[in-house]
Amino acid sequence: KKKIEEIENQFKESINLSSEVISFIATECKTNIRELIGVLNRVIAFSRVHNKTPLSISDCKNILKDVFNQIKVITVDKIQNVVSNYFNIALSEMLSQRRSRPLARPRQIAMYLSKKMTSRSLPEIGRRFANRDHTTVIHAVKTITRLSEQDDEMKKNLSQIKSLLLEQ
C-alpha cells in the first residue's frame, strides 16, 4: 500500500487496485521485496496500458502467471526424487556407485537438470550425488546436452521431467 502511494505521488495519478488484489499480490510474493515491487509494477503497467480498472484477481493471475511459474523453488533433492520416480528406480540405486547404464543415464539426467534448473555449483551438485567429483557433473551435462540434441527420446524425457518439476 505504501509503494502504491509512492507511485501515485511520483506520477500524479491514482492507482485503482482493490484491497483483494493488493492482498492477493502480497500473499503470492513470498521470496523478497524486489519481486513484490516487480509484480506490483507489472500489474500497474498492465492496468495503465489496457485502461482496465479495477483489476480482478483473475486478471492478476493472468498477468503474473509466468512470474509465479518461475518462482517455484527447485532443489537438487526434488530433481533426484522426480528423476528416480520417472525412471522407476530407487533413489538409493540412482545415487549408488554402480555404473550400469540403467542407473548412470538417470543419474546423468538428474545432474544435468540440477545444473540447469538450480543455482548450485558443480562441486555442490557432485556432493549431492554420493560425493562425486565436479568433473563427473561436467561430463554428465555434456553427455545429456549432446544426447538431447541427437536423440528425440532423450528430448522427450527431459521435457516431461521438467514439466513434472515445475508443476509440483
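Structure's up top.
Definitions and limits used
Residues numbered from 1 in each chain as written. Predicted model: local features only at pLDDT ≥ 70, side-chain atom pairs only at ≥ 80, totals over all residues. Heavy atoms only, no water. Axes fitted to C-alpha atoms, helices over the stretch in contact; angles between N-to-C directions. Helix = DSSP H or I, 4+ residues; strand = E, 2+ residues; numbered from the N terminus. Parallel < 35°, antiparallel > 145°, perpendicular 65-115°, else oblique. Contact = heavy atoms within 4.5 Å. Buried < 20%, exposed > 50% of the residue type's maximum accessible area, 1.4 Å probe, protein only. Arc of directions from axis to C-beta. Left-handed = near helix turned anticlockwise from the far one by under 90°. Nonpolar A, V, L, I, M, F, W, Y, C, P; charged D, E, K, R; others polar. Phe/Tyr/Trp six-rings, centres within 6.5 Å; stacked < 30°, edge-to-face > 60°. Salt bridge = Lys/Arg side-chain N within 4 Å of Asp/Glu carboxyl O. Core = buried A, V, L, I, M, F, W, Y, C linked by side-chain atoms within 4.5 Å. Expected span 1.5 Å × (residues − 1).

1. Quick look at the packing of helix 7 (residues 101-117) against helix 9 (residues 134-150)
- Two numbers describe how helix 7 lies on helix 9: the axes approach to 8 Å, and their chain directions differ by 95°. Judged by the angle between their axes, helix 7 and helix 9 are roughly perpendicular. Side by side, helix 7 and helix 9 meet where R105, Q108, I109, M111, Y112, K115 and K116 of the first sit next to T136, V137, H139, A140, V141, T143, I144, T145 and L147 of the second.

2. A few points about helix 2 (residues 19-28)
- V21, I22, F24 and I25 are the residues of helix 2 that are buried. In an axial view of helix 2, the angular spread of the buried residues amounts to 160°, which keeps them on one side of the axis.

3. Re the packing of helix 5 (residues 76-86) against helix 7
- Close contact between helix 5 and helix 7 brings their axes to 9 Å; oriented N to C, the two are set at 145°. Along this stretch, helix 5 crosses helix 7, giving a crossing that reads as right-handed. Residues V76, I79 and V83 of helix 5 touch helix 7, and the partners they reach there are P106, I109, A110, L113, S114 and M117.
- Tallied by class, the residues present in the contact of helix 5 with helix 7 amount to eight nonpolar, one polar and no charged.

4. Some points on the packing of aromatic side chains
- This model, assessed by the stated rule, comprises one aromatic pair.
- Between Y86 and F87, the aromatic rings sit 5.0 Å apart at their centres with planes inclined by 80°, giving edge-to-face as the arrangement.

5. Observations concerning the environment of I37
- The topology assignment puts I37 in helix 3 (residues 33-49).
- Given a relative accessible area of 27%, I37 falls into the partly exposed group.
- The spacing of I37 and V21 is 16 residues in sequence and 14 Å in space, taken between C-alpha atoms.

6. Some words on the pattern of salt bridges
- Scanning the model with the defined rule gives six salt bridges in all.
- R128 is the salt-bridge partner of D77, the closest N and O atoms lying 2.9 Å from each other. Here D77 is found in helix 5, whereas its partner R128 is found in helix 8 (residues 122-128), with 51 residues between them in sequence.
- With a relative accessible area of 35%, R128 lands in the partly exposed category.
- Between K156 and E153 there is a salt bridge; the shortest N-O distance is 3.9 Å. Of this pair, K156 and E153 are both found in helix 10 (residues 152-167), three residues apart, which corresponds to roughly one turn of the helix.
- For K156, a relative accessible area of 39% puts it in the partly exposed group.

7. Details of the nonpolar core
- Residues V83, I109 and L113 are the most contacted members of the largest nonpolar core, which totals 24 residues.
- Contributing elements (two or more residues each) for this core: helix 5, helix 7, helix 9 and helix 10.
- No other element matches the six residues that helix 7 contributes to this core.
- Here I109 is in contact with V83, F87, I144, M154, L158 and I161, once residues within four sequence places are set aside.
- I4, F24, I25 and I63 belong to the second largest nonpolar core, which has 17 residues in total.

8. A word on the environment of N51
- Within the fold, N51 resides in the loop between helix 3 and helix 4 (57-71).
- Classification of N51 by relative accessible area gives exposed; the value is 68%.
- For the pair N51 and L17, spaced 34 residues apart in sequence, the C-alpha separation works out to 13 Å.

9. Some words on helix 7
- An ideal rise of 1.5 Å per residue puts 24 Å on 17 residues; helix 7 measures up with 23 Å between its terminal C-alpha atoms.
- All of the buried residues along helix 7 are L103, A104, P106, R107, Q108, I109, A110, M111, Y112, L113 and S114.
- Against the buried residues of helix 7 lie helix 5, helix 6 (91-94), helix 8, helix 9 and helix 10.

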